[in-house]
Amino acid sequence: MNKNSSNIMALAPNTSNKRETVCIFGTGDFGRALGHKMIQSGYPVVYGSRSTQISNLIPKDAEVLGHAEAAQKAAVIIIAIQRQHYNFLTPLAEVLRGKVLVDISNNLKLNQYPESNAEHLAQLLPGSKVVKAFNTVSAWALQSGTLDASRQVFVCGDDVEAKQMVMNIVRALGLTPVDKGSLLAAQEIENYPLQLFPMWKFPMFLSLGLTAFFFFYCLALDVIYTYIYEKNNFSFFIAITIPNRVCPVMALILLALVYLPGIFAAIIQLYRGTKYRRFPDWLDKWMLCRKQLGLIALAFASLHAVFTLVTPMRAFVSWRTSKGIISQVLNNKTEPLNNTNAWLSDSYLALGILGYFLFVLLGITSLPSVSNNVNWREFRFVQSKLGYLALILCTAHTLVYGGKWFLSPSAYKWYLPNIYMLSLVVPCAVLVIKFVLIFPCIDKPLTQIRQGWERNPKHSH
Ligand code: NAP
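What you see is a predicted model; the values in this text were computed from it and never measured. (Residues numbered from 1 in each chain as written. Predicted model: local features only at pLDDT ≥ 70, side-chain atom pairs only at ≥ 80, totals over all residues. Heavy atoms only, no water.)

Q: Summarise the sheet that holds strand 2 (residues 45–48); cite the residues concerned and give the values.
A: Across the sheet, eight strands lie side by side as 3-2-1-4-5-6-7-8; this open sheet has mixed pairing. Here the strands that pair on one side only, and so sit at the sheet edges, are strand 3 (63–65) and strand 8 (176–179). Neighbour-to-neighbour, the strand axes of the sheet open up by a mean angle of 30°, direction not taken into account. Where strand 1 (residues 22–25) and strand 2 come together, four bridges link them in parallel fashion. Bridge pairing links V22 to V45 in strand 2. Packing of helix 2 (residues 29–40) onto the sheet brings it into contact with strand 1, strand 2 and strand 4 (76–79), and relative to strand 2 it is tilted by some 165°. Running over the sheet, helix 5 (residues 117–124) touches strand 4, strand 5 (100–103) and strand 6 (129–132) and is turned about 170° from strand 6. (Pairing = 2+ DSSP bridges. Helix = DSSP H or I, 4+ residues; strand = E, 2+ residues; numbered from the N terminus. Axes fitted to C-alpha atoms, helices over the stretch in contact; angles between N-to-C directions. Contact = heavy atoms within 4.5 Å.)

Q: Would you mind going over the packing of helix 10 (residues 241–272) against helix 19 (residues 440–450) in detail, with residue names and values included?
A: Where helix 10 contacts helix 19, the axes come no closer than 10 Å and their chain directions differ by 85°. Here helix 10 lies roughly perpendicular to helix 19, going by the angle between them. Residues G262, A265, A266, Q269 and L270 of helix 10 pack against I442, P445, L446, I449 and R450 of helix 19. (Parallel < 35°, antiparallel > 145°, perpendicular 65-115°, else oblique.)

Q: Summarise the UniProt feature "domain: Ferric oxidoreductase" (unreviewed entry) in the protein; cite the residues concerned and give the values.
A: According to UniProt, the feature "domain: Ferric oxidoreductase" (unreviewed entry) maps to residues 249–382 in the numbering used here. Between the C-alpha atoms that bound residues 249–382 there is a distance of 23 Å. The span itself is 79% helix and 0% strand. (UniProt positions renumbered as here; feature names shortened; annotations may be inferred.)

Q: Please give an account of a nonpolar patch on the surface that cites residues and values.
A: A cluster of nonpolar side chains, contributed by I224, Y227, I228, Y229, W414 and L416, occupies part of the molecular surface with about 590 Å² of accessible area. Tracing the backbone shows Y227 in helix 9 (residues 201–230). Residue Y227 is classed as exposed on the basis of its relative accessible area of 51%. (Patch = residues over 30% accessible without salt bridge, like charges linked within 9 Å, V, L, I, M, F, W, Y side chains within 5 Å. Areas by Shrake-Rupley, 256 points an atom, 1.4 Å probe, with all protein chains shown as cover. Salt bridge = Lys/Arg side-chain N within 4 Å of Asp/Glu carboxyl O. Buried < 20%, exposed > 50% of the residue type's maximum accessible area, 1.4 Å probe, protein only.)

Q: Could you give an account of the environment of A68, naming the residues involved and the relevant values?
A: Summarising the element assignment, A68 is placed in helix 3 (residues 67–72). Ignoring anything within four residues of it in the chain, the contact list for A68 reads L92 and V95.

Q: Describe the site of the ligand, with residues and values.
A: Near the ligand there are 19 residues, and of these T27, F30, S49, N106 and A139 occur at the shortest range. Within the backbone of G28, a nitrogen or oxygen atom sits 3.0 Å from an oxygen atom of the ligand. D29 is positioned with one of its backbone polar atoms (N or O) 3.1 Å from an oxygen atom of the ligand. For the ligand, the accessible surface in isolation is 890 Å², of which the surrounding protein chains cover 77%. Taken together, the residues of the shell around the ligand break down into seven nonpolar, ten polar and two charged. (Near = heavy atom within 4 Å. Polar contact = N/O pair within 3.5 Å; in protein donor to acceptor, adjacent residues only side chain to side chain. Nonpolar A, V, L, I, M, F, W, Y, C, P; charged D, E, K, R; others polar.)

Q: Summarise the pairing of strand 4; cite the residues concerned and give the values.
A: Where burial is concerned, the two faces of strand 4 agree: the one with V76 and I78 and the one with I77 and I79 are both buried. Pairing of strand 1 with strand 4 involves four bridges; the strand directions are parallel. Its bridge partner being in strand 4, F25 is matched across the sheet by I79. For strand 4 and strand 5, the ladder comprises four bridges, and the chain directions are parallel. Along strand 5, the bridge assignment pairs I79 with D103.

Q: Report on the layout of surface pockets, specifying residues and quantitative values.
A: Put simply, the second largest pocket is a space of about 1400 Å³. Lining the second largest pocket are 36 residues; nearest its centre among them are Y259, G262, R290, R380 and S384. Looking at the lining of the second largest pocket, the elements that each hand over two or more residues are helix 10, helix 12 (290–309), helix 14 (339–365), helix 16 (376–402), helix 18 (425–437) and helix 19. Looking at the lining of the second largest pocket residue by residue, the classes come out as 21 nonpolar, eight polar and seven charged. (1 Å grid on protein atoms, 1.4 Å probe; cavity = no way out; pocket = protein on both sides within 12 Å on 5 of 7 lines; lining within 4 Å. Points joined across faces, edges and corners; volume = space filled by probe spheres on them.)

Q: Quick one: what's the story with the pattern of salt bridges, residue by residue and with numbers?
A: In total, this model carries eleven salt bridges according to the counting rule given. Its salt-bridge partner being R97, residue E94 comes within 3.2 Å of it at the nearest N-O pair. Classification of E94 as exposed rests on a relative accessible area of 57%. A salt bridge links R278 to D284, with the nearest nitrogen and oxygen atoms 3.0 Å apart. Note on R278: relative accessible area 57%, which makes it exposed.

Q: Break down helix 18 for me, with residues and values.
A: Here helix 18 is 13 residues long and its end C-alpha atoms lie 18 Å apart, about the 18 Å a rise of 1.5 Å per residue gives. Here helix 18 has its buried residues at P427, V430 and L437. The buried residues of helix 18 occupy an angular sector of 90° when the element is viewed end-on, so they sit on one face. In helix 18, those exposed residues whose orientation departs by more than 90 degrees from the buried face are V425, V432 and F435. Residues of helix 18 that are buried make contact with helix 10, helix 16, helix 17 (419–423) and helix 19. (Expected span 1.5 Å × (residues − 1). Arc of directions from axis to C-beta.)

The following block contains the structure:
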């Protein structure tokens, strides 16, 4: 055999790889966008439409026919039509018998109908094989090619072969099919595009509430109090000083709130003597949004770092520094370096830097691309051990910062503690209880409970 003929042999399978025609019902936004993408990927596309007039919006190489005629040309039919119009399909039941119908529809509200759109379609046309797919991809993303964030296409259906055919199309379009099982999963898939950051809701509301509280607390103590009693107008504190007090307080409290539910869970398990009973709902929900709480805490910590870095540029700070120098010159007296103060301020900064470094590390390991590359033990090590270390460092950073003010009466304006003192309550409580929990006499039964041991087993073997 000569070289050329072997090349022809190698190319031969390609020629038989011609893609099967796909039919799309509906020439609306989504039908057109998907058709365009399919033609690009080599699929002949035929549209089934109420009007067979070709408009210039329809992809150039596509055919437009009546619904029944178009359906006969393909084994896979994509229903790019809103659910409320599905009734028009019933007279076509015979033509659609045995065909794969792809339901791509979405609703306007969560759980708008008792059954999912795909199940509704399957009930209307029991002779056809319904597959749910593509509903989480937007027409705009298909058309503009900005599919980086949403390459996954969730697919579900009762007929395995039909599902495979749709998954093959998904792959051919350069997207990633994710098999979600039978058509029962359609409801969940249809709800995806309607959710608005479900895991972020509680952490966001909590952060907004706490931020507002601490902001007004600082405003009262640092601006209003000083104005009333010291006749100083420090209203410009609103721009940098107060945010730079609120941000570290928020970062510390939120980081502690990441570890607090774990402490509650341990206490509940110890009290019940079993891990086989559900946690209360609020604790379950709290545990599920720990990552989001941690990421918001990291955002606050980063803002604190940036606000702190601009300190030397501030007019107020250079005025205060020069005032100190001038008073030394006027009094003809040089203040010696206070070694204790130098130690305190350097260690406070060092603790902050190290704490922030670990904080960033925790943030990076929570990214899916990183967490998918470490095993469960490594993930636990970083998120739990290093996380606690970050909490210890950040708490120490705050303690060293405010340590010497705790006992000074001037720190209690209107008899209220400064906010960094308030910020220490939750982290210190978490650290003290955690310290107690790692005592061997408590840690041992807790570990046993987590391995399945029960104090009062209900079912004896
Ligand atoms: P659309 O622009 O309103 O188009 C719907 C098409 O349905 C119309 O162009 C029409 O096509 C056909 N139609 C309308 N009324 C009909 C009736 N009474 N009987 C038969 N056919 C009728 O909607 P779309 O944005 O393309 O969305 C279509 C489906 O895709 C929806 O279920 C939507 O939830 C889903 N979806 C859309 C997107 C998106 O980004 N747009 C993303 C994911 C899923 P003809 O004039 O050719 O008959």
